[in-house]
Amino acid sequence: MKSIINWLAAAATFVGLYLTVKPQQPLTHWQIFFIAIIVFVFVIAAFLDIRNERNSLPKKYKSKAKINNYMYNMLKTGGACEICSRDASWIKEDKIFALLIEKSKNQELTLYVHTKTKDISTLEKHGAEVVEYGKFGFEPFTRFTIVNSTNHASSYVAIGKQKPNEPHVIEELDSSHPTYSMAKDLIQSIKAADDNFKKI
């Protein structure tokens with residue numbers, strides 16, 4: 001909404017400027033062509049900016065099927081992924097699990113879970129890295145997935161949350177956002193705690 005208002009204000013300024021300096025004589029073909037190019041570039045820039053703002057807004061899903069569809073599409077195009085979840089129960093859906101098997105084989109999947117389930121153990125056997133933080137008494141409240149974790153420029157974190165009787169909300173925050181850095185720090189802390197636990 002903010003970007004729409006900004007672009008409408010810019011358009012009003014542009015029109016006002018044109019009316020102020022509008023020549024008395026009819027416009028030449030080159031002048032018309034030049035103005036058309038400016039308007040075209042202006043419209044494209046506005047469209048891209050508004051679309052990016054809409055894409056960055058939290059996404060709301062009312063059904064488990066829609067949530068799973070979002071997760072599948074995110075993971076399918078997400079490169080290397082790091083998932084922090086209590087038991088990752090949502091991976092049970094067939095198409096999601098098959099996709100995660102492929103990611104595991106390609107060394108593109110890391111799971112941070114409280115307790116290993118049968119499905120998670122299967123992914124581990126296929127090459128996924130699994131860190132079981134419950135054994136050393138760690139219990140993070142946040143559940144999130146870091147997408148494209150090996151490419152900082154295109155990486156982002158998807159955080160899911162839900163309040164009683166409300167849709168499930170998923171927010172995507174890019175690598176420049178402080179929350180992304182906090183998620184990476186949390187993962188590093190879990191890894192360090194796991195390494196120390198193994199030494200005991």
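Below is a short write-up of the structure.

Cut-offs applied
- Residues numbered from 1 in each chain as written.
- Predicted model: local features only at pLDDT ≥ 70, side-chain atom pairs only at ≥ 80, totals over all residues.
- Heavy atoms only, no water.
- Axes fitted to C-alpha atoms, helices over the stretch in contact; angles between N-to-C directions.
- Helix = DSSP H or I, 4+ residues; strand = E, 2+ residues; numbered from the N terminus.
- Parallel < 35°, antiparallel > 145°, perpendicular 65-115°, else oblique.
- Left-handed = near helix turned anticlockwise from the far one by under 90°.
- Contact = heavy atoms within 4.5 Å.
- Nonpolar A, V, L, I, M, F, W, Y, C, P; charged D, E, K, R; others polar.
- Pairing = 2+ DSSP bridges.
- Expected span 1.5 Å × (residues − 1).
- Buried < 20%, exposed > 50% of the residue type's maximum accessible area, 1.4 Å probe, protein only.
- Arc of directions from axis to C-beta.

## Here we look at the packing of helix H3 (residues 64-76) against helix H4 (residues 94-105)
To characterise two packed helices, one gives the angle between the axes of the helices and the distance between these axes. The contact between H3 and H4 brings their axes to 10 Å, and the two run at 20°. For the element pair H3 / H4, the angle class is roughly parallel. When the axes of H3 and H4 are compared, the crossing they make is left-handed. Side by side, H3 and H4 meet where Asn68, Asn69, Met71, Tyr72, Leu75 and Lys76 of the first sit next to Lys95, Ile96, Leu99, Leu100 and Lys103 of the second. Counted by class, the contact of H3 with H4 contains 6 nonpolar, 2 polar and 3 charged residues.

## Examining the pairing of strand S6 (residues 156-161)
Both strand S5 (residues 144-147) and S6 contribute to a ladder of 4 bridges, which runs antiparallel. Across the sheet, the residue bridging to Thr145 is Ala158, located in S6. The pairing of S6 with strand S7 (residues 168-174) spans 6 bridges and is classified as antiparallel. The partner of Ile159 across the bridge, within S7, is Glu171. Between S6 and S7, which pair antiparallel one after the other, the connecting turn spans 6 residues, and Asn165 there sits at a positive phi close to 65°.

## A word on H3
For H3, with 13 residues, the first-to-last C-alpha span of 18 Å sits near the 18 Å given by 1.5 Å per residue. Restricting attention to buried positions, one finds in H3 the residues Ile67, Asn68, Tyr70, Met71, Tyr72, Met74 and Leu75. Along its buried surface, H3 packs onto strand S1 (59-61), strand S2 (81-85), H4, S5, S6 and S7.

## Details of helix H5 (residues 118-125)
When H5 is considered as a whole, its buried residues turn out to be Asp119, Ile120 and Leu123. Taken down its axis, H5 places every buried residue within 100° of arc, on the same side. In H5, the exposed positions angled more than 90 degrees off the buried face are occupied by Lys118 and Lys125. Elements that come into contact with the buried residues of H5 comprise H4, strand S3 (109-113) and strand S4 (129-132). Immediately downstream of H5, the backbone of Gly127 shows phi near 120°, a positive value.

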